[in-house]
Every structure is written in C-alpha cells, then in structure tokens.
Amino acid sequence: MTGSAPISAPDALPLDPLNTATLTIACPDRKGIVAAVSVFLHNHGANIIHSDQHSTDPVGGTFFMRMEFHLDGLDLAREPFEKAFGEVVAEPFGMDWTLTYRSQPRRMAILVSRYDHCFLDLLWRKRRGELHVEIPLIISNHEDLRRDAEMFGIPFHVVPVTKENKAEAEAEQVRLLHGAGADFAVLARYMQILSGDFLRGFGRPVINIHHSFLPAFVGANPYRAAFNRGVKLIGATSHYVTEELDAGPIIAQDVIPVTHRETPDSLMRMGRDVERQVLARAVKAHVDDRVLVHGNKTVVF
C-alpha cells in the first residue's frame with residue numbers, strides 16, 4: 001500500500017499592511033448595527049482584522065464601534081465604496097462615521113516652547129516607526145529647539161508671542177498650520193494658552209499634555225508645590241484642547257507612586273517621564289483612530 005503526500009494549499013500572497021482602512025462609528029444604539037456593518041464589508045470583499053464596540057446604554061444609549069479591515073480584494077474603488085456604505089448602512093442607522101486609510105499617514109504639527117522632553121520623544125518615536133505620522137512643521141515661540149528640529153530634517157518656525165501681539169501671532173500660526181496641511185497639532189509643552197480664535201481658525205484636533213495634579217497645583221513650579229504638600233502620587237494627563245482651560249476630553253492618564261525621600265528635582269524628572277509616555281500614548285491612540293469623543297468624554301478602544 002502506498003501513501004500519498006498531503007495536499008497543501010497554494011501559498012497565499014502576503015497582505016499589504018498599509019492597505020487597510022479603519023471605520024469608526026457613533027450612533028443611537030439599536031439591534032443589527034454590527035451585523036449590518038459586517039455584512040456590508042463581507043459582501044464587498046473586505047477582510048475584517050480588528051473590531052471593538054461599546055454602548056453607553058443598550059436601551060437608548062450611544063453605540064460606538066471601531067473596525068479595521070484589509071482592502072485587498074475589495075470590489076469597489078474607495079469613493080464608490082464610501083458612497084455605498086453611507087447609503088446602505090450609515091444613513092439608515094443615523095451614524096456619524098469616518099473612514100481613514102493606513103496608506104495616508106496623518107500630518108502632525110508640533111507646537112513647543114523650551115522644554116524638550118515630550119518634543120524629542122515624539123520625534124524619536126516617529127523615527128522608530130512607533131507613530132505612523134508625517135511631521136510637516138514645528139512651531140515654537142522660542143529659538144531654543146531649532147537645532148534639534150533641523151537634526152530630524154523638520155521645518156522649524158519661530159513665532160514670538162507676547163500679550164501685545166497674541167492675536168497676530170496666532171493668526172500666523174494658523175496660516176502656517178494650514179499651509180503645511182496639518183491634520184492635527186500636539187502641544188509638546190507649549191507654554192501658551194490657545195485662544196478660541198486659534199482653535200476655531202485651525203479647526204482640527206489639538207492634543208495637550210499637563211501634570212495630572214493640575215489645577216490643584218497651579219503656577220510656574222507645580223512640582224515644588226506638590227513637594228510642599230507631600231504628595232504620594234504624581235502623573236500626567238493628555239486631552240483634547242477646548243476653550244475651557246485644561247477641561248477638554250481626556251485621552252490618556254497615568255500616575256506613579258513617590259515617597260517622602262523625593263526632592264523637587266527628582267519629582268520633576270519622574271513627572272517628565274510620565275508626561276512623555278502619556279502624551280505618546282494619546283497621540284498614538286488618536287493617529288490609530290482609537291479615540292471617539294462623546295460630549296466631554298472619550299471612548300478609547
């Protein structure tokens with residue numbers, strides 16, 4: 001009796017990791033949402049690779065979903081695919097939805113003053129491929145970090161800001177941001193308060209980082225104030241910027257324990273470590289379309 005060799009399937013062609021799209025949805029919760037989206041994608045040849053969902057309340061709440069899928073095998077070009085999804089799925093369910101493509105990296109502008117820890121961390125993470133972004137420009141109100149920006153080959157623009165010229169300076173910053181095609185901006189310890197005129201003029205998300213113990217410890221030296229109170233935790237918060245100071249939707253937070261043995265300087269060093277980690281986590285979540293804003297809160301998948 002002779003045996004036969006096992007039949008092996010032909011090798012599949014590797015999928016292009018950049019040929020993916022991410023669909024995010026927010027709509028009134030009701031039955032059939034997941035099924036409608038999944039069936040539509042299946043019928044058009046999309047291969048779902050990740051899916052997350054959340055409801056604020058199954059009865060009368062808001063439903064959120066993030067679905068990532070490969071475009072290999074899709075039977076429609078992007079524009080007719082999006083049009084069909086809007087007509088067949090989004091409109092009947094009253095969805096607010098976005099569809100983004102991995103092949104089109106977000107264009108991230110950075111605003112920074114003199115502190116370099118968050119600024120350099122973002123540049124390093126971009127260089128290492130941890131952040132799937134392009135950085136078309138950096139804006140500062142000081143010259144201090146120009147050399148660092150130039151080492152990474154990124155245009156560096158200095159726009160001095162004073163009480164007397166704030167409106168004109170912000171108008172110039174908005175002009176630079178739009179001219180560079182920035183999709184969003186990150187305040188990497190940019191030590192100026194953005195006005196409502198800036199936020200409306202830019203019209204795109206702005207992400208900020210600050211000490212988690214604000215507003216309890218305000219002023220120029222919050223770590224000294226924290227030291228004087230004998231805190232046992234320090235941390236950082238990253239959030240979207242709104243006109244209400246430090247009150248925008250929170251994206252990421254973290255804390256670390258400290259003891260009575262710390263000094264103001266050691267607290268600052270530890271705090272800066274947390275700041276850059278939290279900011280990087282928030283930026284990555286935003287870039288990967290994992291953040292859905294709901295009022296003054298966020299759903300982060």
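This structure is a prediction, so every number in the text was calculated from the model and none was measured.

Helices and strands together make up the secondary structure of the chain, namely eight helices and 14 strands. Overall size of the chain, expressed as C-alpha extent along the three principal axes, is 80 × 55 × 45 Å. Expressed as a percentage of the 301 residues in the chain, the buried residues total 45%. A sequence separation of at least 24 residues applies to 67% of the contacts in the chain between residues at least 6 apart. On the chain, roughly 16,100 Å² of surface is accessible, and the fraction owed to carbon and sulfur atoms is 53%. Placing the 32 positive and 37 negative side-chain charges of the chain at their respective mean positions leaves the two points 6 Å apart.

Right, let's talk about helix α8 (residues 264–287) for a bit. Taking 1.5 Å of rise per residue, the 24 residues of α8 would be expected to cover 34 Å, and the 34 Å separating its terminal C-alpha atoms lies within 8% of that figure. Following α8 by one or two positions, D289 has its phi on the positive side, about 60°.

Pairing in this open sheet of four strands is antiparallel, and the strands run β2-β3-β1-β4 from one edge to the other. Strands with a single pairing partner mark the edges of an open sheet, and in this sheet they are β2 (47–55) and β4 (96–101). The mean angle between the axes of side-by-side strands here comes to 10°, regardless of whether they run parallel or antiparallel. Taken together, the eight bridges between β2 and strand β3 (residues 62–70) define a ladder with antiparallel strand orientation.

Bringing unusual backbone geometry into the picture now. For R189, which is not glycine, the phi torsion reads 65° and is therefore positive. With respect to the element layout, R189 can be found in the loop between β9 (184–187) and α6 (196–202). With phi around 55°, D246 is a residue other than glycine that occupies positive phi space. Relative to the helices and strands, D246 resides in the loop between β11 (233–240) and β12 (250–257).

So, about the pattern of salt bridges. A full pass over the atoms with the stated rule returns 19 salt bridges. One salt bridge connects D144 with R114, and the closest N-O pair in it is separated by 3.3 Å. Here R114 lies in the loop between β5 (106–112) and α3 (117–127) and D144 lies in the loop between β7 (138–140) and α4 (146–151), a separation of 30 residues in the sequence. Put simply, K284 and D288 hold a salt bridge, and the shortest N to O gap is 3.0 Å.

Here, the residues flagged by UniProt with the feature "active site" (unreviewed entry) are D246. For D246, a relative accessible area of 36% puts it in the partly exposed group.

Let's shift gears to the UniProt feature "domain: ACT" (unreviewed entry) in the chain. Using the residue numbers shown here, the UniProt feature "domain: ACT" (unreviewed entry) corresponds to residues 22–104. Counting secondary structure, residues 22–104 comes out at 33% helix and 37% strand; the distance between its end C-alpha atoms is 12 Å.

The next point concerns the packing of aromatic side chains. Within the structure shown, the criterion is met by five aromatic pairs. A centroid spacing of 5.5 Å and a plane angle of 50° characterise the contact between F40 and F81, whose relative ring orientation is tilted. A residue pair is termed long-range when its members are at least 10 positions apart, and F40 in helix α1 (residues 33–43) and F81 in helix α2 (residues 78–93) qualify at 41 residues. Assigned by exposure class, F40 and F81 land together as buried. For the ring pair F85 and W97, a centre distance of 5.0 Å and an interplane angle of 65° mean the geometry is edge-to-face. Here W97 lies in strand β4 and F85 lies in helix α2, a separation of twelve residues in the sequence. Three or more aromatic residues link up through ring pairs in this structure, and these residues are F40, F69, F81, F85 and W97. Above the face of the Y101 ring, R78 is positioned so that its terminal group lies 3.9 Å from the ring centre.

Position of R66 relative to the elements: it lies in strand β3. Sequence-wise, R66 and R290 are 224 residues apart; in three dimensions their C-alpha atoms are separated by 7.1 Å. In this structure R66 touches T22, L23, T24, H50, S51, D52, D288, D289, R290 and F301, once residues within four positions along its chain are discounted. In this structure the side chain of R66 is engaged in a polar contact, spanning 2.9 Å, whose partner is the backbone oxygen of D288. A polar contact is formed between the side chain of R66 and the backbone oxygen of D289, at a distance of 3.1 Å.

About the criteria used
- Residues numbered from 1 in each chain as written.
- Predicted model: local features only at pLDDT ≥ 70, side-chain atom pairs only at ≥ 80, totals over all residues.
- Heavy atoms only, no water.
- Helix = DSSP H or I, 4+ residues; strand = E, 2+ residues; numbered from the N terminus.
- Buried < 20%, exposed > 50% of the residue type's maximum accessible area, 1.4 Å probe, protein only.
- Contact = heavy atoms within 4.5 Å.
- Areas by Shrake-Rupley, 256 points an atom, 1.4 Å probe, with all protein chains shown as cover.
- Lys, Arg positive; Asp, Glu negative; His and termini not counted.
- Charge placed at Lys NZ, Arg CZ, Asp CG, Glu CD.
- Expected span 1.5 Å × (residues − 1).
- Pairing = 2+ DSSP bridges.
- Axes fitted to C-alpha atoms, helices over the stretch in contact; angles between N-to-C directions.
- Salt bridge = Lys/Arg side-chain N within 4 Å of Asp/Glu carboxyl O.
- UniProt positions renumbered as here; feature names shortened; annotations may be inferred.
- Phe/Tyr/Trp six-rings, centres within 6.5 Å; stacked < 30°, edge-to-face > 60°.
- Lys NZ or Arg CZ within 6 Å of the ring centre and 35° of its normal.
- Polar contact = N/O pair within 3.5 Å; in protein donor to acceptor, adjacent residues only side chain to side chain.

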